[in-house]
Structures are given as structure tokens and as C-alpha cells.
Amino acid sequence: MKSKILIDSLILGSALFSMFFGAGNMIFPPYLGLECSSQWFGGFLGYFTADIILAMIAIVAQIRTGGFEKLLDPLGKILKGFFLISIILCLGPIITIPRTAATTFELIPNAEIITKPVFYTIFFAVVILLTINKSGVVDAIGKFLTPLLIIGLLVIITMGIINPLGDISEFPKVSSPVASGIEAGYQSMDVLAATIFGVLILSGAKDKGHTSPSELKKVTIGASVFSGMALFAIYMGL
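The rules behind each value
- Residues numbered from 1 in each chain as written.
- Predicted model: local features only at pLDDT ≥ 70, side-chain atom pairs only at ≥ 80, totals over all residues.
- Heavy atoms only, no water.
- Helix = DSSP H or I, 4+ residues; strand = E, 2+ residues; numbered from the N terminus.
- Rg over C-alpha atoms; globule rule 2.2 N^0.38 Å.
- Buried < 20%, exposed > 50% of the residue type's maximum accessible area, 1.4 Å probe, protein only.
- Contact = heavy atoms within 4.5 Å.
- Areas by Shrake-Rupley, 256 points an atom, 1.4 Å probe, with all protein chains shown as cover.
- Lys, Arg positive; Asp, Glu negative; His and termini not counted.
- Charge placed at Lys NZ, Arg CZ, Asp CG, Glu CD.

A.B. asks: Lay out the overall build of the protein chain with the relevant residues and their values.
C.D. replies: From N to C terminus, the protein chain includes 11 helices and zero strands. Along the protein chain, from the amino end to the carboxyl end, the secondary structure elements read α-α-α-α-α-α-α-α-α-α-α. Over its C-alpha trace the protein chain gives a radius of gyration of 19 Å, about what one expects of a compact globule, namely 18 Å for 238 residues. Along the first, second and third principal axes, the C-alpha set of the protein chain runs to 55 × 45 × 40 Å. Burial analysis of the protein chain (238 residues in total) assigns 38% to the buried set. In the protein chain, of all internal contacts separated by at least 6 residues, the share reaching a separation of at least 24 is 78%. Of the roughly 13500 Å² that the protein chain leaves accessible, carbon and sulfur atoms contribute 72%. If you average the places of the 15 positive and of the 14 negative side-chain charges in the protein chain, the two averages end up 14 Å apart.

Written out as C-alpha cells, the structure is:
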């Protein structure tokens with residue numbers, strides 16, 4: 001049972017890593033490093049605190065309360081409904097979905113050989129194929145997509161270290177690197193996303209046979225810790 005909890009925690013944590021690592025997470029850390037220059041580590045700590053640490057706290061809070069519905073009950077019925085609708089819209093058609101597709105297009109070498117409408121049609125068709133099976137989406141992300149994502153990110157980070165685009169400036173371009181990091185971490189929207197992702201991780205743990213409160217707690221917290229450590233390393237590298 002202990003080995004199953006560990007394996008399932010790694011799979012779910014791997015999936016959680018990919019869920020959190022969206023287009024904004026590819027954009028903000030390198031740009032933040034450019035702005036903070038030699039003081040990049042302070043900006044990174046501000047970013048990681050406002051982004052992943054708060055997001056992990058949100059997931060653990062869901063575990064303790066039994067889901068995001070109960071977590072948001074103190075807001076009242078009307079405000080809770082408005083809050084949830086706002087989260088879904090921001091994570092969906094208003095910000096996250098367009099940003100993800102646009103960033104993917106910009107990262108493709110020689111992207112001009114294909115028109116944006118054609119690319120977006122192909123992109124979202126692949127997304128639908130990967131997510132149409134609700135019960136298998138977490139496994140598909142955790143077992144297959146995350147390893148490919150991490151390999152690609154490590155290649156980018158390694159190339160940036162070996163062959164940098166330029167020298168690091170001695171003086172930051174912002175007055176407070178930490179404050180800029182906190183602002184960038186907030187803009188990633190991962191704290192809001194954690195409200196939804198926590199539900200998926202809890203559901204994934206239950207699908208894997210972990211039904212008792214103690215097992216659910218161990219698996220979800222283990223997944224959160226693994227995801228947080230992986231994101232810490234990748235964000236710092238970027």
C-alpha cells in the first residue's frame with residue numbers, strides 16, 4: 001500500500017505540474033529574470049511564493065475541508081457562484097485558453113509556414129482528443145505529457161546557460177525585484193487554478209482506489225509536494 005501511495009502521488013504530482021505550468025509560466029519567469037538582472041533570485045522567491053506556495057496551500061485547504069465547494073461556503077451562495085464562474089471564465093475562454101494557444105504558436109520554429117486559424121484548429125483538436133476521456137486525462141498528462149514537457153524545458157534551460165543571449169545586467173530594471181516577482185506570480189493565476197486543480201487531483205486519487213480520508217490526504221499532499229519541488233527547479237532554471 002505504501003508503494004502504491006508513492007507511485008500514485010508521483011503520477012498525480014506529475015499531472016499537477018503540467019496543469020500549473022501553463023503559457024504564463026513559460027512567459028513570466030524569463031521576463032522577470034530579465035527585469036531583475038543580477039537580483040533575479042529575489043524576484044524568483046517573490047514569484048514562487050505568490051504562485052506555487054499559495055496554490056499548494058489552496059489545495060491542502062481543499063483536502064482539509066473536503067473540496068472547493070465547502071472551502072468557499074463562507075463566501076455565501078451568491079458570491080461563491082460569482083467567484084466560481086469568474087475562475088472558470090479566466091481559466092477558459094477569456095485568458096488561459098487563448099494565451100496557451102498563442103504561446104505555443106510563437107514557440108514553433110518557422111511558424112509562419114502555417115496560418116494561425118489552421119494551427120489553432122489542429123491545436124485544439126489535439127487538446128480535445130487528450131481530454132475527452134475525463135477519467136483518463138490525469139493519467140495521460142502525468143504519465144506521458146509531463147515527461148515530454150520537462151525534457152523540453154530542460155533543453156531550453158540548458159541551452160540558455162550554455163549559449164546565453166547576452167550578459168546579465170548589474171542593475172535591475174525594476175525598483176523592487178521581490179515586489180515584481182509577487183506581481184508576476186499573481187498574474188500566472190495559479191492560485192485561482194488550484195481551486196479547480198484540487199478537485200481533479202482528489203478525483204484522480206479516488207479513481208485510483210484511495211477512498212479513506214487518510215489515504216486521500218497522503219496522496220494529494222504527496223502530489224502537491226512533488227509538483228511544488230519540480231516547479232521550483234524549473235522556474236528557477238527559467
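And the narrative resumes.
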